[in-house]
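An overview of the molecular structure
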There are 2 protein chains.
Amino acid sequence: MKLYDVELSGNCYKVRLFAALTGMALERVPVNMQAGEHKQPSFMDMNAFGQVPVLEDEACRIRDSQAILVYLANRHGDPAWWPQDAAGQAEIVAWLAVAAHEVRAGPGAARLIEKFGKPLDKPAALGQAGALLETLERHFAQHDWAALGRPTIADCALFPYVALAHEGGIDLGPYAKVRAWLDRVRDLPGFIAMPGIA
Amino acid sequence: MKLYDVELSGNCYKVRLFAALTGMALERVPVNMQAGEHKQPSFMDMNAFGQVPVLEDEACRIRDSQAILVYLANRHGDPAWWPQDAAGQAEIVAWLAVAAHEVRAGPGAARLIEKFGKPLDKPAALGQAGALLETLERHFAQHDWAALGRPTIADCALFPYVALAHEGGIDLGPYAKVRAWLDRVRDLPGFIAMPGIA
């Protein structure tokens, strides 16, 4: 399987992380975002939204990091990471939606501003990040993992931009339960890092 | 099954719509957002994010409209709406992520500003809405439905805030393919409307 990949993208990293945790091999194909490769027709044919990552598995092309996690978990076949029952899938999808929106609009946006100079609204991003982190702190005060009482693709989806929050100028110091969860993810067998995440 | 529901919420409507299309009965429990009921402890116990909708099915409580669609589709059991294979689920989850972020940050946010006076960034919302609608227009120029060549929960997730775009001051006039898709959804057997959607 080929992963169209950007080293510094937390969305690409979440796919690399899940593949590493489950021992799946990915061939990484670097996409040069600075040269605008992700907006070229050849890439837009794979993903009309012009975003990394994209996964290619024979004739199948999957866009969106959350969707790729579901695909890989189904391919891997261990229901521990992505179960088959209605309540289990729903609990995970609720967190995938948080990864798609609240994480992206909060710590994700703050990092885009601070690290890559994107002209986004910094106070809005910090406000969203604060609200998210308060909610996560309450969650991880009662739960070791995002969903189902065990590591799932929900943890992989949430981890990157929370662990990279410092690159957006966000201090995780007040969020001890969130930091303890980050450490639990780091301790999973097969864990890999990315630049900015030790 | 109980749906904690707000009549004017497109996120609640997407659940009511899917239930209607599949003939599932929901008991609607109105949540008084103007009185702040969704931020009261009794509601926050059901959804730490303080958002509607929430679905209650015996001991099971599901938050997030995308997650509820997956739950109900699994409960309904017809794989036409939510298949069991890796590629099919991934194709749908990619659109659920678009519903969670791009639709919410674009036409969803524009409507919150125009209709409910929320202090969000109007130019940013209109910019996001324009980029989304351009992408959807290209998609629906080649496809009748969001995913898998047939109606799925992806269409239910995308439909409400695109169909309500006019309430955010967004003109769908230039997007003929998007409008034709909206009409196809309206023509589905069992379709129901909501205020603002004829």
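Throughout, residues of each chain are indexed from 1 in the direction in which the sequence is written. Here the convention is simple: chains get letters from A, ligands get numbers from 1, in the order in which they are written. This being a predicted model, a pLDDT of at least 70 is required before a residue's local features are given, and a value of 80 or more before pairs of side-chain atoms are given or counted; all residues contribute to the totals for chains, interfaces and linings. Where side-chain values are given, they derive from all heavy atoms of the structure, hydrogens and water being excluded.

Regarding the nonpolar core
What is meant by a nonpolar core is a set of buried Ala, Val, Leu, Ile, Met, Phe, Trp, Tyr and Cys residues, joined one to another through side-chain atoms within 4.5 Å. Remark: exposure states derive from per-residue accessible area (1.4 Å probe, protein chains only) relative to the maximum for the residue type, with buried under 20%, exposed over 50%, and partly exposed in between. Ranked by size, the top nonpolar core spans 130 residues in total, and within it Ile153, Phe159 and Trp181 of chain A together with Ile153, Phe159 and Trp181 of chain B carry the most contacts. Contacts of tryptophan 181 of chain A, omitting those with residues within four sequence positions, involve Phe140, Asp144, Trp145, Asp155, Leu158, Phe159 and Val162 of chain A. Contacts are residue-level and defined by heavy atoms, with any inter-residue pair within 4.5 Å sufficient.

Looking at the relation of the copies chain A and chain B
We place the copies in one frame by least squares, fitting the C-alpha atoms of every residue whose pLDDT is at least 70 in both. Least-squares fitting of chain A to chain B yields an RMSD of 0.0 Å, with the superposition described by an axial translation of 0.0 Å and a rotation of 180°. The transformation just described matches what one would write down for a two-fold rotation axis. Relative to the rotation axis, the C-alpha of histidine 101 of chain A is the closest in chain A, positioned 2.4 Å from it. Take the interface residues of chain A: 100% of them recur as interface residues in chain B, which is what a same-surface contact looks like.

As for the sheet that holds strand E3 (residues 54-57) of chain A
Residues and elements named next belong to chain A. In space, the four strands of this open sheet follow the order E2-E1-E3-E4, with mixed pairing throughout. One side of each edge strand has no neighbouring strand; the edge strands of this open sheet are strand E2 (27-30) and strand E4 (60-63). Averaged over neighbouring strand pairs, the angle between their axes works out to 20° when direction is ignored. The pairing criterion is simple: DSSP has to find at least two bridges between the two strands. Secondary structure counts use DSSP, requiring at least four H or I residues in a row for a helix and at least two E residues in a row for a strand, with both numbered from the N terminus. Pairing between strand E1 (residues 2-5) and E2: four bridges, direction parallel. Note on E2: the bridge partner recorded for tyrosine 4 is valine 29. Here helix H1 (residues 10-22) sits on the sheet in contact with E1 and E2, set at roughly 155° to E1. Note on method: axes are straight lines fitted to C-alpha atoms, helices fitted across the in-contact stretch only, with angles between N-to-C directions ranging 0 to 180 degrees.

What to know about the side chain of threonine 135 of chain B
Among the structural elements, threonine 135 of chain B can be located in helix H5 (residues 122-142). A distance of 3.0 Å separates a polar side-chain atom of threonine 135 of chain B from the backbone oxygen of alanine 131 of chain B. Here a polar contact means two N or O atoms within 3.5 Å. Within protein one must be a hydrogen donor candidate and the other an acceptor candidate, and residues neighboring in sequence count only if both atoms are side-chain atoms.

Quick word on the sheet that holds strand E1 (residues 2-5) of chain B
Residue and element names in this part refer to chain B. Pairing is mixed across the open sheet formed by four strands, whose spatial order is E2-E1-E3-E4. Looking at which strands have only one partner, the edges of the open sheet turn out to be strand E2 (27-30) and strand E4 (60-63). Across the sheet, the mean angle from the axis of one strand to that of its neighbour is 20°, orientation sign disregarded. Examined bridge by bridge, E1 and strand E3 (residues 54-57) share three bridges and lie antiparallel to one another. When the sheet's bridge partners are listed, tyrosine 4 is paired in E3 with valine 54.

Points about the domain arrangement of chain A
All names here are of chain A. According to the domain assignment, chain A contains domain 1 (2-76) and domain 2 (86-186). Taking only C-alpha atoms, the centre of domain 1 and the centre of domain 2 are 20 Å apart. Tallying the contact residues gives 14 residues for domain 1 and 14 residues for domain 2. Joining two parts hides part of their accessible area as seen by a 1.4 Å probe, and the buried area is that hidden amount summed over both. Carbon and sulfur atoms supply 72% of the area that domain 1 and domain 2 bury against each other, a total of about 1,100 Å² over both sides. Looking only at domain 1, the three residues that lose the most surface to domain 2 are Leu8, Lys14 and Gln66, adding up to 38% of its buried area. Linking domain 1 with domain 2 are four residue pairs in polar contact (both at pLDDT 80 or more). Looking at the side of domain 1 that touches domain 2, the element that brings in the most residues is H1, giving seven residues. Partitioning the side of domain 1 that touches domain 2 into residue classes produces eight nonpolar, five polar and one charged. The split of the chain into domains comes from an automatic or database domain assignment. Amino acids are sorted into nonpolar (Ala, Val, Leu, Ile, Met, Phe, Trp, Tyr, Cys and Pro), charged (Asp, Glu, Lys and Arg) and polar (every other residue, Gly among them).

A closer look at the interface of chain A and chain B
Residue-level contacts link 33 residues of chain A with 33 residues of chain B. Carbon and sulfur atoms make up 67% of the area that chain A and chain B hide from each other, which totals about 2,600 Å². Among the residues chain A hides against chain B, the three largest losses belong to Phe49, Arg63 and His101 of chain A. Together they make up 20% of the total. Scanning the region where chain A abuts chain B turns up eleven residue pairs in polar contact (both at pLDDT 80 or more). Looking at the side of chain A that touches chain B, the elements with two or more residues in it are E4, helix H3 (65-76), helix H4 (86-116) and helix H5 (122-142) of chain A. In terms of residue count, H4 of chain A provides more of the side of chain A that touches chain B than any other element does, 14 residues in total. Looking at the side of chain A that touches chain B residue by residue, the class counts come to 20 nonpolar, seven polar and six charged.

Observations concerning empty space enclosed by the protein
Lining residues are defined by having an atom within 4 Å of a point belonging to a cavity or pocket. Those points lie on a 1 Å grid over the protein atoms alone, cavities being sets where a 1.4 Å probe fits but cannot get out and pockets being open sets with protein on both sides within 12 Å along at least five of seven lines. Grid points are joined across faces, edges and corners, and a volume is the space filled by probe spheres set on the points. For the coordinates displayed, the defined rule picks out one cavity of 30 Å³ or more. Of the pockets and cavities examined, the largest cavity occupies roughly 60 Å³. Lining of the largest cavity is provided by Gln66, Val93, Leu96, Ala97 and Ala100 of chain A together with Gln66, Val93, Leu96, Ala97 and Ala100 of chain B. Sorting the residues of the lining of the largest cavity by element identifies H4 of chain A together with helix H4 (86-116) of chain B as the ones contributing at least two each. Classifying every residue of the lining of the largest cavity by side-chain character gives eight nonpolar, two polar and no charged.

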